[in-house]
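The primary structure of each chain is shown beneath.
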Amino acid sequence: MRYISTRGQAPALNFEDVLLAGLASDGGLYVPENLPRFTQEEIASWAGLPYHELAFRVMRPFVTGSIPDSDFKKILEETYGVFAHSAVAPLRQLNGNEWVLELFHGPTLAFKDFALQLLGRLLDYVLAKRGERVVIIGATSGDTGSAAIEGCRRCDNVDIFILHPNNRVSEVQRRQMTTIFGENIHNIAVEGNFDDCQEMVKNSFADQGFLKGTRLVAVNSINWARIMAQIVYYFHAALQLGGPARSVAFSVPTGNFGDIFAGYLARNMGLPISQLIVATNRNDILHRFMSGNQYVKETLHATLSPSMDIMVSSNFERLLFDMHGRNGAAIAGLMDTFKQGGGFSVEDDRWNETRKLFDSLAVSDEQTCETIAEVFAATGEVLDPHTAIGVKAARACRRSLDTPMVVLGTAHPVKFPEAVEKAGVGKALELPAHLSDLFEREERCTVLPNDLKAIQAFVSQHGNRGKPL
Ligand SMILES: *Cc1c(COP(=O)(O)O)cnc(C)c1O
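Presented here is a report on the structure given in the accompanying data block. Model, not experiment: these values are computed from the prediction. (Residues numbered from 1 in each chain as written. Predicted model: local features only at pLDDT ≥ 70, side-chain atom pairs only at ≥ 80, totals over all residues. Heavy atoms only, no water.)

## Concerning the site of the ligand
Here comes step 1: Taken together, 15 residues surround the ligand, and among them Lys-112, Asp-143, Gly-255, Asn-256 and Asp-259 come closest.
Here comes step 2: Take Asp-143: an N or O atom from its side chain is 2.5 Å from an oxygen atom of the ligand.
Here comes step 3: One of the backbone N or O atoms of Asn-256 is found 2.8 Å from an oxygen atom in the ligand.
Here comes step 4: Protein chains bury 96% of the 390 Å² of accessible surface belonging to the ligand in isolation. (Near = heavy atom within 4 Å. Polar contact = N/O pair within 3.5 Å; in protein donor to acceptor, adjacent residues only side chain to side chain. Areas by Shrake-Rupley, 256 points an atom, 1.4 Å probe, with all protein chains shown as cover.)

Written out as structure tokens, the structure reads:
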């Protein structure tokens, strides 16, 4: 499988190189040159497979030529073996023909484990084969950091540095990062905000002298392997609800557009998906595009669903690329306009075509809490705020009551106690068994000033299993 850039100027790469690449050299994102397509019979024959076996069948075409089948199978069995539920991604019925796909049974209780548990193992496998080491530097405001650290903690060939804004992440989220020890794990609390952290990561990619030749790898959702891993659970859910003989609709709590883009790909690979709902919080750039054909940046608002607090959705570029007949020059032009502070719209026929599949809704904090309370009253289930946004949007945008509606349950409610309390759900939430002593565990973290040179010096001092690069 070959991968090409959405801006048309960077060289095509194979899976192994795309795994290690961040942005393409032309500033674009990598996508498969040709998407695999499965027949209905083939998809139907996968019903009842354990999750890791289904994962093997769905993802195999993407890694062909880079990872032999037997190795890939072993990696997948290990990856999904760490999930705390035997079904890995169980479906729970909320209402007649309305379901939540629980994607929060991984080590850090959010769906990001599906991709980052796999990414860590794939990186280590490829690096061992090449005899190379890499450094990962990532910024987090919450879920990504802990999932990335958990995904890389056993990697022999990866040192990971996660920057979070000091005193500005929730205690559960901080502890999920700082209580994991390893000579290759480095938590840095930056005396600044999340944007400062992100800016320093970006600048480190632009100027890599401090790494003394060691490769820097991206773990944010621009990494293709993360998208790839997320395609699998759309198949998993549909197969349990009568697919592929019957179509299914999905509502996806959305920030950077990675998770829902995976659903779009599942559909293009042959899975009958009749509707994809983009569910956003008040940070609604995607809703404004889907409802009014305007892609325009606005100020950032802090919400009760912080993992969806974004101004710009990085993976949206991948959809735009398809919308424009995969014309890289057109995307480079649009992105240039956007970067210069302008917004853009796309031609009407392209937008209308997109709207045949996508609907959207922006949900306020108030509505989020109302939905948590409403679902609790009706079912006794406590939703996390992100999932609640998905449920609200599903109910508002649903096109057909005969088609099963699956809301992606992106996080466990225990990670977001503030929203749950505000919703007035009088039920004490307990940490799952593997995290029950989280608040007693020792923490390890280095506080550093909001200064690029200081961060880079720290990385060069500790980037080789805690020793200097
Ligand atoms: C990351 C995240 C999202 C948003 O996913 P995208 O792929 O960025 O759209 C939604 N909910 C939770 C809990 C998350 O951690």
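## Here's the deal with the pattern of salt bridges
Here comes step 1: This structure, assessed with the given rule, holds 32 salt bridges.
Here comes step 2: Arg-133 is the partner of Asp-159 in a salt bridge, and the nearest nitrogen-oxygen pair spans 2.6 Å. Residue Asp-159 is found in strand S7 (residues 158-165), and its partner Arg-133 is found in the loop between helix H5 (112-130) and strand S6 (134-139); the two are separated by 26 residues along the sequence.
Here comes step 3: Look at Asp-159 and you get buried, because its relative accessible area is 0%. (Salt bridge = Lys/Arg side-chain N within 4 Å of Asp/Glu carboxyl O. Helix = DSSP H or I, 4+ residues; strand = E, 2+ residues; numbered from the N terminus. Buried < 20%, exposed > 50% of the residue type's maximum accessible area, 1.4 Å probe, protein only.)

## Examining the environment of Gly-342
Here comes step 1: Tracing the chain through its elements places Gly-342 in the loop between helix H13 (328-339) and helix H14 (348-355).
Here comes step 2: Overall, the relative accessible area of 27% leaves Gly-342 in the partly exposed class.
Here comes step 3: Put simply, Gly-342 and Val-190 are 152 residues apart on the chain and 31 Å apart in space, counted from C-alpha to C-alpha.

## Description of the sheet that holds strand S3 (residues 30-32)
Here comes step 1: Taken together, the three strands give an open sheet; going across it, the order is S2-S1-S3, and neighbouring strands pair in antiparallel fashion. Both outer strands of the open sheet, strand S2 (13-14) and S3, are each paired with one neighbouring strand and no more.
Here comes step 2: Strand direction decides the pairing type here: strand S1 (residues 2-5) and S3, joined by three bridges, are antiparallel. Its bridge partner being in S3, Ile-4 is matched across the sheet by Val-31. (Pairing = 2+ DSSP bridges.)

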